[in-house]
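Letter by letter, the chains look like this.
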Amino acid sequence: MQSQTLHFKARVDTALADPTLKIAIGRTTGTAEHKRAAALADYPQFKDARDLGKRIKDHVIANLDHYLLEFERNAIASGATVHWASTASDASRIVVDLCRQAGARRVTRVKSMLGEEIGLPHALDDAGIERVETDLAEHIVQLGGDTPSHIVWPSMHRTREQVSEMFHKSHRAPHREETIEAMVDSARRELRDKFLSADVAISGANFLVTDTGATCTVTNEGNAELTTTPPRVHIVTAGIEKLVPSTKHAFVLLRLLVRSATGGDITQYTTFHCGPKQAGDRDGPEEFHIVLVDNGRSRMLKEGLKEMLRCIRCGACMNHCVVFRQVGGHAYGGVYPGPMGAVLTPVFDGLKETRDLAHACTMNGKCREVCPVDIPLPTLLRGWRDRSWREGLEPVSVRGGMGIFAFVASRPWLFHLGSAMAVRVMRLFKRGGHLRGMPLMGAWTRYRDFPAPAKRTFMEMYRDTNPGQHKEQK
Ligand code: SF4
């Protein structure tokens, strides 16, 4: 795991210098890309579903106050207790207090990025409550003392070989065969009695269903169901943007989510939790709490980021991002990596500390193209760049450099002169078709090839083929 206190560029350098990480990222994102493409090829209605999903989210976001109150009313009617948290620390404090009131010594957790966002793992550890991560990938993250590096595959940064070694060191009865199946069995043996002996279960929610007051959780391992059924208390933490009007709307978004995330048609397990155990129920929690978390979301509505509240956390934007595929998730330094993380992290951690993230983008638009709810991620990132400029957060060197560029670029004769000179200088450093060891270009050429300029520039060729048409502007 990379230190979150390092500067973004230092984290990127560390990631780029790690060949194992590169293999791990390539395996996961490559598989995800192919599976998504295959799933969409089998689902010709995807475009219509995408339009509908976008409209559902936009409608809820435009009427958030109404849906929140309606959801609260229906959740209370089903027997749930609803808590409101304005900030991350409010949310984690509420959860820890509920665990203490329940006398909890051990809690089981279902993977939830919102839980990471509010710092819940640390808050539980600090409170001396044993925390058991039950999602297989989160179990690996916990054993490694890491943070998730992907929102769908949190342990993407680990290779199978590293995981095997970890299990051998920490599991009570580790696998003897080096196969995936044997390793999964090892985790199952390790976690089984912890599932059954937990005092409190904590989960997130993929959707909050307004008209029933239910929460919906999807997993592929069944750990959510095993986590939330035996303990006496179940706590759900969810961002306020997770609301949908009804179950049928949840299923529209679910079809988009699963195909975009894992390339499946549907998740193996889709569970709706609606209140605590009722008279006659054989199992289920006696107490059911829902913590609704704002943590900057209302501010996003006001600050030109409302489209980001459509996000259903599928991870497709990062799987297809050329930057993420080079550096992985930890380099972004926040809870959410990739393009969606670069938009969200400044909301949570402040633009001053995170302004580099908006620049970690080539603006190729692939993230928006694959986003199942059509979030204009490049536009939102440009918005952060613009704001960083307006607030004077860019370093003097960048401001000065851009000033010089603007001066030169707005004078065509000077621009042509400058480019002609630059091309001549670059040719001096040409080695085998690429530039090597060119002064001031080290940050670029250290990790990738910079093609040498062509023998003749476009303008030279244009002048030859269009004699008399080209007129130098002064
Ligand atoms: S921004 Fe879009 S593609 Fe990225 S995680 Fe959110 S919904 Fe998925």
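Structure report, in brief. (Residues numbered from 1 in each chain as written. Predicted model: local features only at pLDDT ≥ 70, side-chain atom pairs only at ≥ 80, totals over all residues. Heavy atoms only, no water.)

### Examining the packing of helix α9 (residues 160–170) against helix α10 (residues 180–197)
Relative orientation of the contacting elements α9 and α10 amounts to 35 degrees, with a least axis distance of 11 Å. Here α9 runs over α10; the crossing is left-handed. Where α9 abuts α10, its residues R160, V163, S164, F167 and S170 lie against I180, M183, S186, A187 and E190. Residues that form the contact of α9 with α10 fall into these classes: 5 nonpolar, 3 polar and 2 charged. (Axes fitted to C-alpha atoms, helices over the stretch in contact; angles between N-to-C directions. Helix = DSSP H or I, 4+ residues; strand = E, 2+ residues; numbered from the N terminus. Left-handed = near helix turned anticlockwise from the far one by under 90°. Contact = heavy atoms within 4.5 Å. Nonpolar A, V, L, I, M, F, W, Y, C, P; charged D, E, K, R; others polar.)

### Let's talk about helix α3 (residues 46–62)
Between its first and last C-alpha atoms α3 spans 24 Å; for 17 residues at 1.5 Å apiece the expected length is 24 Å, and the two agree. Listed as buried for α3 are F46, A49, R50, G53, I56, K57, V60 and I61. Along the long axis of α3, the arc covered by the buried residues comes to 125 degrees, so they all point the same way. Exposed side of α3, more than 90 degrees from the buried face: K47, D48, R55 and A62 are the residues found there. Here the buried face of α3 lies against α2 (19–41), α4 (64–77), β8 (243–244), α12 (247–261), α13 (297–302) and α18 (366–370). (Expected span 1.5 Å × (residues − 1). Buried < 20%, exposed > 50% of the residue type's maximum accessible area, 1.4 Å probe, protein only. Arc of directions from axis to C-beta.)

### Considerations on the sheet that holds strand β1 (residues 81–85)
Taken in spatial order, the 6 strands make up an open sheet running β1-β10-β7-β4-β2-β3, and their pairing is parallel. Since the sheet does not close on itself, it has two edges, and those belong to β1 and β3 (130–133), each with one partner. Shown here is a sheet whose adjacent strand axes are inclined to one another by a mean of 20 degrees, direction ignored. Where strand β4 (residues 200–203) meets strand β7 (residues 233–239), 4 bridges bridge the pair, whose relative direction is parallel. Following the sheet pairing, I202 is matched in β7 by I235. Contacting β1, β2 (106–109), β4, β7 and β10 (287–293), helix α5 (residues 88–101) crosses the sheet at an angle of about 145 degrees to β1. Here α10 sits on the sheet and contacts β2 and β3; the angle it forms with β2, its principal contact strand, is near 115 degrees. (Pairing = 2+ DSSP bridges.)

### Concerning the sheet that holds strand β5 (residues 207–209)
Reading across from one edge, β8-β5-β6-β9 is the order of the 4 strands in this open sheet, with mixed pairing throughout. Sheet topology places β8 and β9 (269–273) at the edges, where each strand pairs with a single neighbour. Two elements, strand β6 (residues 214–219) and β9, share 5 bridges in a ladder whose sense is antiparallel. Considered in β9, the bridge of T219 is made with Y269. α12 rests against β5, β6, β8 and β9 of the sheet, and its axis sits at about 165 degrees to β5.

### Here's the deal with the packing of aromatic side chains
All told, the structure shown has 5 aromatic pairs when counted by the stated rule. A centroid spacing of 6.1 Å and a plane angle of 25 degrees characterise the contact between F458 and Y462, whose relative ring orientation is stacked. Pair noted here: F458 and Y462 are both in helix α23 (residues 458–465), with a separation of 4 residues, about one helical turn. Here the guanidinium or amino end of R259 rests over the ring plane of Y43, the centre of that ring lying 3.7 Å away. When the ring centre of W389 is taken as origin, the NZ or CZ atom of R399, which lies over that ring, is 4.3 Å away. (Phe/Tyr/Trp six-rings, centres within 6.5 Å; stacked < 30°, edge-to-face > 60°. Lys NZ or Arg CZ within 6 Å of the ring centre and 35° of its normal.)

### A short note on the layout of surface pockets
Computed from the structure, the second largest pocket encloses a volume of approximately 1100 Å³. What lines the second largest pocket is a set of 26 residues, and nearest its centre among them are K9, V12, A443, W444 and R448. Going through the elements one at a time, α1 (8–16), α15 (324–327), α20 (396–409) and α22 (442–445) are the ones with two or more residues in the lining of the second largest pocket. For the lining of the second largest pocket, the per-class residue count stands at 15 nonpolar, 4 polar and 7 charged. (1 Å grid on protein atoms, 1.4 Å probe; cavity = no way out; pocket = protein on both sides within 12 Å on 5 of 7 lines; lining within 4 Å. Points joined across faces, edges and corners; volume = space filled by probe spheres on them.)

### Comments concerning a positive patch on the surface
Together, R424, R427, K430 and K455 make up a region of like positive charge exposed at the surface. Assessed through its relative accessible area of 54%, R424 is described here as exposed. (Patch = residues over 30% accessible without salt bridge, like charges linked within 9 Å, V, L, I, M, F, W, Y side chains within 5 Å. Areas by Shrake-Rupley, 256 points an atom, 1.4 Å probe, with all protein chains shown as cover. Salt bridge = Lys/Arg side-chain N within 4 Å of Asp/Glu carboxyl O. Lys, Arg positive; Asp, Glu negative; His and termini not counted. Charge placed at Lys NZ, Arg CZ, Asp CG, Glu CD.)

### Observations regarding empty space enclosed by the protein
Following the criterion strictly, the structure yields 3 cavities of 30 Å³ or more and no others. Taken as a whole, the largest cavity encloses approximately 120 Å³ of empty space. Together, 19 residues line the largest cavity, and C321, P339, C361, T362 and C367 are the ones closest to its centre. Looking at the lining of the largest cavity, the elements that each hand over two or more residues are α16 (338–349) and α18. Top element by residues in the lining of the largest cavity is α16. It accounts for 3 residues. Class assignment for the residues of the lining of the largest cavity results in 13 nonpolar, 5 polar and 1 charged. Of the volumes computed, that of the second largest cavity is approximately 90 Å³. Lining the second largest cavity are 15 residues, with C311, R313, C314, C317 and C371 positioned closest to its centre. Classifying every residue of the lining of the second largest cavity by side-chain character gives 13 nonpolar, 1 polar and 1 charged.

### Here we look at the nonpolar core
By size, the foremost hydrophobic cluster in this structure holds 65 residues, and its most contacted members are F207, L253, M308, M340, V343, I375 and L377. Sorting elements by how many residues they give to this core places α12 first, with 8 residues. When near neighbours in sequence (up to four residues on either side) are disregarded, M308 contacts M300, M340, V343, L344, I375, L377 and L380. The next biggest cluster of nonpolar side chains, apart from the first, holds 22 residues, and it includes A85, C99, L124 and I202. (Core = buried A, V, L, I, M, F, W, Y, C linked by side-chain atoms within 4.5 Å.)

### Quick notes on unusual backbone geometry
Even without glycine at this site, M363 takes up a positive phi of about 60 degrees. Along the chain, the position of M363 falls in the loop between α17 (351–354) and α18. With phi around 55 degrees, D374 is a residue other than glycine that occupies positive phi space. Summarising the element assignment, D374 is placed in the loop between α18 and α19 (377–390).

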